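# Inside the fold
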Amino acid sequence: MASALQLQGVQGNYLCVSVRRGLHHCKPQIGFAAFGAPVCARRVWGNRVAFNVTTCKASTTSDVIEKSVTENRVVSIEGETSFTCVMKFGGSSVASAERMKEVATLILSFPEERPIVVLSAMGKTTNKLLLAGEKAVSCGVTNVSSIEELCFIKDLHLRTVDQLGVDGSVIAKHLEELEQLLKGIAMMKELTKRTQDYLVSFGECMSTRIFAAYLNKIGVKARQYDAFEIGFITTDDFTNADILEATYPAVAKRLHGDWLSDPAIAIVTGFLGKAQKSCAVTTLGRGGSDLTATAIGKALGLPEIQVWKDVDGVLTCDPNIYPKAEPVPYLTFDEAAELAYFGAQVLHPQSMRPARESDIPVRVKNSYNPKAPGTLITKARDMSKAVLTSIVLKRNVTMLDIVSTRMLGQYGFLAKVFSIFEELGISVDVVATSEVSVSLTLDPSKLWSRELIQQELDHVVEELEKIAVVNLLQNRSIISLIGNVQRSSLILEKAFRVLRTLGITVQMISQGASKVNISLVVNDSEAEQCVRALHLAFFESELSELEMDYKNGNGSVHELSLGDT
Ligand SMILES: Nc1ncnc2c1ncn2[C@@H]1O[C@H](COP(=O)(O)OP(=O)(O)O)[C@@H](O)[C@H]1O
Ligand SMILES: N[C@@H](CC(=O)OP(=O)(O)O)C(=O)O
């Protein structure tokens with residue numbers, strides 16, 4: 001019974017709690033009565049309740065706090081007069097002075113919100129910083145000042161400051177330090193992952209300073225924060241760090257405390273953290289600002305997390321592969337996580353975790369088209385009519401066919417295979433097994449952190465060959481069909497009809513335990529064509545379009561009857 005309540009914190013006269021495990025369907029007092037506390041509900045939103053603690057006995061309140069703490073619940077501070085939502089704007093949304101002005105207008109168009117704003121670096125700044133770092137390794141100290149990417153970054157940020165009419169001093173020190181850092185790299189002729197993280201952090205540090213200065217200039221009180229200074233504690237895995245639990249109470253305390261003493265919109269650097277052991281700046285993996293936003297949402301127990309992009313939400317496939325991709329109105333956390341993990345660039349693979357843990361809805365919106373409804377991501381949705389939600393492509397995957405050299409029925413074969421991957425620290429994506437063989441795919445970049453170099457692959461094969469016959473197949477793609485796997489027969493029937501018509505051989509198929517994903521492995525060279533044809537079959541019901549597309553193809557177009565889509 002006690003586990004029905006999650007303490008959120010005390011603010012002023014209010015004690016805010018999340019009511020969990022179904023109790024939110026009951027009156028909040030019932031949940032609270034689990035602690036025997038005679039209190040009256042002040043305000044209810046979602047599954048959260050704010051109680052006026054001045055109307056209940058102080059000793060009762062501290063009992064609740066103590067009990068929650070000793071039961072090891074997350075204690076975070078939330079208050080009804082503090083922030084109301086987190087809004088994350090990606091690089092494309094803040095790529096120029098013009099875009100920053102539009103984002104400011106957009107934020108101010110929600111006067112009822114008191115947002116925490118998470119920003120990425122401007123435009124392609126992170127890529128440029130990475131390139132500048134690479135060039136610095138070999139260009140020599142005297143040539144650093146003329147590295148093309150450094151000049152571009154300086155020019156972009158100084159121009160933006162100028163066009164927004166804010167004081168250049170907000171970024172002057174950072175630009176100077178950035179050049180010094182690149183000179184240091186040139187001198188050392190080496191760019192470690194740790195230095196690389198420090199290097200790319202300049203992007204978010206500058207975009208947030210410029211934007212906060214602009215808001216203040218137009219009379220909107222804003223305060224800039226570097227995530228690594230306000231409690232974002234991560235592992236020491238530079239370039240792909242993981243947020244640690246200690247982050248949530250620390251971030252909530254800092255942001256909430258500052259609001260209480262001096263209310264201002266918070267402008268926080270996305271993507272960055274502070275390593276627990278070394279205390280150096282870390283990054284959360286490419287696209288990591290989404291994760292910063294959901295972590296802040298969880299820390300403060302906010303009612304909604306908004307992620308603003310340059311597309312009308314999560315789409316039915318990558319619009320760069322197929323421009324007719326359509327927005328998906330609703331997704332579950334599981335679907336969104338799977339989609340992100342299997343390569344949809346639109347969301348960071350880990351970003352759904354904090355939102356799911358705290359059951360906070362995530363809205364993906366378009367900052368270029370704010371009226372579009374976007375995608376709402378929640379714990380559950382009506383799946384009764386859902387078949388396929390989205391098609392995702394992950395390219396440049398390596399596949400391994402591993403056949404045991406032992407007799408049928410040997411136990412421990414799979415365990416041995418996977419222990420080899422564990423020892424070598426290599427992530428496996430998709431797996432299909434029979435009694436004596438296993439086919440699997442390897443993540444080409446270990447969650448975007450580094451390339452699986454040939455040397456490593458050779459080493460894997462060498463190890464596996466001690467127990468099996470191994471066939472290594474490169475240049476493969478995983479096509480993930482994200483949707484209602486309860487209807488897998490329908491999805492597979494339709495998908496295989498499309499692929500047969502195209503003359504494509506599927507080299508592996510796997511249905512994940514998550515129940516939202518069916519993965520097919522094909523050759524890289526065939527993958528985009530497959531995605532387009534599958535999109536046509538699943539999301540565009542006009543048979544005439546199919547006929548137009550396939551009339552010159554190998555198979556019979558009339559076989560591609562769409563059935564119920
Ligand atoms: N399924 C998908 N839905 C939406 N966008 C996708 C999808 N797959 C790939 N993308 C790409 O992701 C981009 C948005 O993600 P990202 O560049 O990280 O945005 P931001 O920088 O604004 O955070 C889109 O412009 C689009 O090209
Ligand atoms: N700037 C970082 C972090 C990020 O989240 O960027 P974006 O929101 O533009 O994908 C990157 O490029 O990876």
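Residues numbered from 1 in each chain as written. Chains lettered and ligands numbered in written order. Predicted model: local features only at pLDDT ≥ 70, side-chain atom pairs only at ≥ 80, totals over all residues. Heavy atoms only, no water.

## Quick notes on the sheet that holds strand β17 (residues 428–433)
The strands making up a sheet associate through backbone hydrogen bonding, with each pair oriented either parallel or antiparallel. The 6 strands are arranged β17-β18-β16-β19-β21-β20 in an open sheet whose pairing can be described as antiparallel. Each edge of the sheet is formed by a strand with only one pairing partner; in this case those strands are β17 and β20 (508–511). Strand-to-strand twist in this sheet, taken as the mean axis angle between neighbours without regard to direction, amounts to 30°. In this sheet, strand β21 (residues 517–523) lies alongside β20 in antiparallel orientation, the contact comprising 4 bridges. Looking at β21, one finds that Ile-509 is bridged to Leu-520. Strands β16 (388–404), β17, β18 (437–442) and β19 (468–483) of the sheet are contacted by helix α12 (residues 413–424), whose axis makes an angle of about 20° with β18. Running over the sheet, helix α15 (residues 524–539) touches β16, β19 and β21 and is turned about 140° from β16. (Pairing = 2+ DSSP bridges. Helix = DSSP H or I, 4+ residues; strand = E, 2+ residues; numbered from the N terminus. Axes fitted to C-alpha atoms, helices over the stretch in contact; angles between N-to-C directions. Contact = heavy atoms within 4.5 Å.)

## Things to note about the packing of aromatic side chains
Under the definition given, this model contains 6 aromatic pairs. Ring plane angle 20° and centroid distance 5.8 Å describe the contact between Phe-89 and Trp-308, whose orientation is recorded as stacked. Taken as a pair, Phe-89 in strand β5 (residues 85–89) and Trp-308 in strand β12 (residues 305–309) lie far apart in primary sequence, 219 residues in all. Here Phe-89 and Trp-308 have matching classes, each one buried. (Phe/Tyr/Trp six-rings, centres within 6.5 Å; stacked < 30°, edge-to-face > 60°. Buried < 20%, exposed > 50% of the residue type's maximum accessible area, 1.4 Å probe, protein only.)

## Side note on helix α7 (residues 193–217)
Structurally, the α-helix is built with 3.6 residues per turn, so residues lying three or four positions apart point the same way. If you check α7, its first and last C-alpha atoms are 37 Å apart, about what 25 residues at 1.5 Å a residue would give, namely 36 Å. Here α7 lies mainly inside the structure; 18 of its 25 residues are buried. One or two residues past the end of α7 sits Gly-219, with phi positive at roughly 90°. (Expected span 1.5 Å × (residues − 1).)

## Looking at the layout of surface pockets
Volume-wise, the second largest pocket comes out at about 330 Å³. If you trace the second largest pocket, you find 17 residues lining it, with Arg-381, Ala-386, Leu-388, Thr-389 and Phe-539 closest to the centre. Of all elements in the fold, only β16 and α15 reach the threshold of two or more residues within the lining of the second largest pocket. Partitioned by chemical class, the residues of the lining of the second largest pocket number 9 nonpolar, 3 polar and 5 charged. (1 Å grid on protein atoms, 1.4 Å probe; cavity = no way out; pocket = protein on both sides within 12 Å on 5 of 7 lines; lining within 4 Å. Points joined across faces, edges and corners; volume = space filled by probe spheres on them. Nonpolar A, V, L, I, M, F, W, Y, C, P; charged D, E, K, R; others polar.)

## Observations regarding the site of ligand 2
Ligand 2 sits among Lys-88, Gly-90, Gly-91, Ser-120, Ala-121, Thr-126, Glu-204, Phe-271, Arg-286, Gly-287, Gly-288 and Ser-289. Residue Arg-286 places a side-chain N or O atom 2.7 Å away from an oxygen atom belonging to ligand 2. Gly-288 places a polar main-chain atom, nitrogen or oxygen, 3.4 Å from an oxygen atom of ligand 2. Taken together, the residues of the shell around ligand 2 break down into 2 nonpolar, 7 polar and 3 charged. (Near = heavy atom within 4 Å. Polar contact = N/O pair within 3.5 Å; in protein donor to acceptor, adjacent residues only side chain to side chain.)

## As for the sheet that holds strand β10 (residues 272–275)
With mixed pairing, 3 strands are arranged side by side in an open sheet as β8-β10-β11. Only two strands of the sheet have a single partner each, and these edge strands are β8 (233–234) and β11 (281–283). Relative to β11, β10 is paired through 3 bridges, and the arrangement is antiparallel. Within the sheet, the bridge partner assigned to Leu-272 lies in β11 and is Thr-283.

## Things to note about the packing of helix α3 (residues 97–108) against α7
Viewed as axis vectors pointing N to C, α3 and α7 meet at an angle of 60°, and their least axial separation amounts to 11 Å. Here α3 lies oblique to α7, going by the angle between them. Crossing of α3 over α7 shows right-handed handedness. From α3, Met-100, Lys-101, Val-103, Ala-104 and Ile-107 reach across to α7, where they touch Ser-207, Ile-210, Phe-211, Tyr-214 and Leu-215. Taken together, the residues of the contact of α3 with α7 sort by class into 8 nonpolar, 1 polar and 1 charged. (Parallel < 35°, antiparallel > 145°, perpendicular 65-115°, else oblique. Left-handed = near helix turned anticlockwise from the far one by under 90°.)

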